[in-house]
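Summary of the model geometry
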Amino acid sequence: MSLDNTIKEIQTSFHSDLSNCNTTTDLENIRITYLGRKGKITILFDDFVKLPGSEKPKYGKTLNVLKIELTTAFNQKLNELNPDKGGSNDSSADFSLPGYDLPKGSLHPLEQITSEIKSIFQSIGFSVAYGPEIDDDYHNFEALNVPKHHPARDMQDTFFIDPNTVLRTHTSNVQIHLMENQDPPIRHICCGRVFRNEAVSYKSFCLFNQVEGLVINESSSFAEMKGTLEYFVEEMFGKGTKMRFRPSYFPFTEPSAEVDIWNDKLNQWMEILGCGMVNPNVLTNVGYDNKKYQGFAFGMGIERIAMIKYGIKDIRLFYQNDKRFLEQF
Ligand code: PHE
């Protein structure tokens, strides 16, 4: 049979199939038979490739015209059978009506507070670093001037994975990683989860989040640290927030302090962070010259800050994923 006849035949049978078709299932079958990947039109194009070069221009044009004709007729039928999904010639849809409100998710309150803290410190030149949640005893304790059997280890009840591997009890391990991996100056914060083997209650949970800060250079001072943290408290809790530095003790800082802010509602001071000048022993541990370099570090609990800021009374709420709680933020 000549190609001309085949084309005519396909064209005729397509149109008669289409006019007899009343359901979308039949229509889909027509699509497969004619326009599908192994359909008659596709086969015609395969045959066309084998034609002698002199015949190609003529049939090329004929085949393209045929394909457009069948596709257009097919789409028209599709619109007739399926008016809801119709395209441009569907007049029943009113596109000016307001759309449906889809349920929206939102950021977890801890994530919101974390990004707020990050951008406050980024605005004064801190970069954001990350460090491991599972670490060796050396980075979590020893390099931070907390030797084995030191009583300060009791400040942080530890989850041990094996005698030498811990779930970090604070983000201070990242101080060591940062200093091991780069020379001063350092001006970084690090946010992340920390773990403590404590009795779970409204005020302590086995896991929580901290933000650590570390500044090392040749000139930083306790005064600069105070200024930095005062700026943070003002940005986070509002101008005029009352705060105080209270002497404290951490093995990795000397001198050390804790910062409290005044809570008007509860009428009491609330501790929000620990800080201090990096202990020269820590600088030696990472191979820095402690006569040349000095710096300060601070660490704060994110849950605690969120609880003070939003008046949340139970830390466990952050980890229960109760929508009634989460939807308030
Ligand atoms: N790592 C201390 C803690 O978890 C906080 C801290 C960090 C204190 C850095 C001083 C300097 O309690």
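Structure shown above.
A brief structural summary. Numbering of residues begins from 1 in every chain and follows the order in which that chain's sequence is written. The predicted nature of this model means local features are confined to residues of pLDDT at least 70 and side-chain atom pairs, given and counted, to a pLDDT of 80 or more, with totals for whole chains, interfaces and linings taken over all residues. Excluded from the side-chain calculation are hydrogens and water; included are all heavy atoms of the structure.

1. Describing the overall build of the protein chain
When helices and strands are tallied, the protein chain shows 11 helices and 10 strands. Each radius of gyration is computed over the set of C-alpha atoms, and the globule rule expresses the reference value as 2.2 Å times the number of residues to the power 0.38. By the compact-globule yardstick of 20 Å for 329 residues, the protein chain is too spread out, its C-alpha radius of gyration being 35 Å. Reported as C-alpha extents along the three principal axes, the dimensions of the protein chain are approximately 100 × 50 × 40 Å. Considering only intrachain contacts with a sequence separation of at least 6, the fraction spanning at least 24 residues in the protein chain is 65%. Between the centroid of the 35 positive side chains of the protein chain and the centroid of its 43 negative side chains there is a distance of 3 Å. In DSSP terms, a helix is any run of H or I states spanning at least four residues, a strand is any run of E spanning at least two, and both are numbered starting from the N terminus. We call two residues in contact whenever any of their non-hydrogen atoms come within 4.5 Å of each other. When charges are counted, Lys and Arg are positive and Asp and Glu negative, with His and the chain ends excluded. By convention, charge coordinates are those of NZ in Lys, CZ in Arg, CG in Asp, or CD in Glu.

2. Section: the environment of Thr33
Along the polypeptide, Thr33 turns up in helix α2 (residues 24-35). For the pair Thr33 and Phe14, spaced 19 residues apart in the sequence, the C-alpha separation amounts to 9.1 Å. With residues up to four places along the chain from it excluded, the contact list for Thr33 reads Gly39 and Lys40. Any pair of N or O atoms that falls within 3.5 Å is considered a polar contact. Within protein, one atom must be able to donate a hydrogen and the other to accept it, and sequence-neighbouring residues count only if both atoms are side-chain atoms. Engagement of the side chain of Thr33 in a polar contact is seen with the backbone oxygen of Asn29, the distance being 2.6 Å.

3. A look at unusual backbone geometry
Cis geometry marks the peptide bond from Pro184 to Pro185; its omega dihedral reads 0 degrees. Tracing the backbone shows Pro185 in the loop between α7 (173-181) and β5 (186-195). For Asn267, which is not glycine, the phi dihedral falls at a positive 60 degrees. Looking at the secondary structure, you find Asn267 in the loop between β8 (253-263) and β9 (268-278). The phi dihedral of Asn321 is positive, around 50 degrees, even though this residue is not glycine. Along the chain, Asn321 turns up in the loop between α10 (302-310) and α11 (323-326). Three labels apply to residues, based on accessible area from a 1.4 Å probe with only protein chains included: buried if under 20% of the type maximum, exposed if over 50%, partly exposed otherwise in between. Taking the relative accessible area as the measure of exposure, Asn321 reaches 55% and is therefore exposed.

4. Description of the pairing of β5
The two faces of a sheet get side chains in turn, since along a regular strand they alternate between them. Within β5, 8 of the 10 residues are buried, which leaves the element mostly enclosed by the surrounding structure. Pairing between strands is defined by DSSP: at least two bridges between them are needed. The pairing of strand β1 (residues 127-129) with β5 spans 3 bridges and is parallel. Directly across from Ser127, in β5, lies its bridge partner His188. One ladder, built from 10 bridges, connects β5 with strand β6 (residues 207-217); its direction is antiparallel. What sits directly across from Cys191, in β6, is Val211.

5. As for the site of the ligand
The immediate surroundings of the ligand are formed by 15 residues, with His170, Ser172, Arg196, Gln210 and Glu212 found nearest. The contact in question runs from a nitrogen atom of the ligand to an N or O atom on the side chain of His170, over 3.0 Å. Ser172 is positioned such that a nitrogen or oxygen atom in its side chain is 2.9 Å from a nitrogen atom of the ligand. For the ligand, the accessible surface in isolation is 320 Å², of which the surrounding protein chains cover 92%. Comparing atom positions with the cavity grids shows the ligand to sit within the largest pocket. By convention in this text, a residue qualifies as near a molecule or strand provided that one of its non-hydrogen atoms is within 4 Å of it. We get accessible surface area from the Shrake-Rupley algorithm with a probe of 1.4 Å; when it comes to residues, only the shown protein chains can shield them. Space inside and on the surface of the protein is sampled on a 1 Å grid over the protein atoms alone, with a cavity defined as a set of points where a 1.4 Å probe fits but cannot get out and a pocket as an open set with protein on both sides within 12 Å along at least 5 of 7 lines; lining residues have an atom within 4 Å of a point. In this description, a molecule resides in a pocket or cavity if more than half of its atoms sit within 2 Å of the grid points defining it.

6. Overview of the packing of helix α1 (residues 3-20) against helix α4 (residues 56-81)
Structural elements are reduced to axes, namely lines fitted to C-alpha atoms, with helices fitted over the stretch in contact, and the angle between N-to-C directions of any two is expressed from 0 to 180 degrees. Here α1 crosses α4 at 5 degrees, and the two axes come no closer than 11 Å. When the axis of α1 is compared with that of α4, the two are roughly parallel. Of the residues in α4, those touching α1 at Leu3, Asp4, Ile7, Gln11, Phe14, His15, Leu18 and Ser19 are Lys58, Tyr59, Thr62, Leu63, Leu66, Glu69, Leu70, Ala73, Phe74 and Lys77. Grouping the amino acids of the contact of α1 with α4 by side-chain chemistry returns 10 nonpolar, 4 polar and 4 charged. Small angles under 35 degrees read as roughly parallel and large ones over 145 as roughly antiparallel, with 65 to 115 read as roughly perpendicular and the rest as oblique. Here the nonpolar group is Ala, Val, Leu, Ile, Met, Phe, Trp, Tyr, Cys and Pro; Asp, Glu, Lys and Arg are the charged ones; every other residue, Gly included, is treated as polar.

7. What about the packing of aromatic side chains?
Here the aromatic set is Phe, Tyr and Trp, taking the six-membered ring for Trp, and pairing holds for ring centres within 6.5 Å; pairs whose planes are under 30 degrees apart are stacked, those over 60 apart are edge-to-face, and all others are tilted. In the structure shown here, the tally under the stated rule is 12 aromatic pairs. Ring centres of Phe14 and Tyr34 lie 5.1 Å apart, and the angle between their planes is 85 degrees; on these two criteria the pair is classed as edge-to-face. Placement of Phe14 in helix α1 and of Tyr34 in helix α2 is noted, with a sequence separation of 20 residues between them. For the pair shown, Phe14 and Tyr34 are each scored as buried. Criterion for a charge above a ring: Lys NZ or Arg CZ within 6 Å of the ring centre, and within 35 degrees of the ring normal. Over the ring of Phe45 we find Lys67, and its NZ or CZ is 5.7 Å from the ring centre. One residue, Lys226, lies across the ring of Phe245, its end atom 5.4 Å from the ring centre.

8. Description of the layout of surface pockets
Grid points are joined across faces, edges and corners, and a volume is the space filled by probe spheres set on the points. For the largest pocket, the calculated volume is near 1,100 Å³. Lining the largest pocket are 43 residues, with Lys203, Glu271, Ile272, Gly301 and Arg304 sitting closest to its centre. Counting residues per element, the ones that place at least two in the lining of the largest pocket are β6, β7 (243-250), β8, β9, β10 (294-301) and α10. Looking at the lining of the largest pocket residue by residue, the classes come out as 19 nonpolar, 14 polar and 10 charged. A volume near 220 Å³ is recorded for the second largest pocket. For the second largest pocket, the full set of lining residues is Phe237, Gly240, Thr241, Lys242, Ile261, Trp262, Asn263, Asp264, Lys265, Ile308 and Lys309. Only β8 and α10 provide two or more residues apiece to the lining of the second largest pocket.

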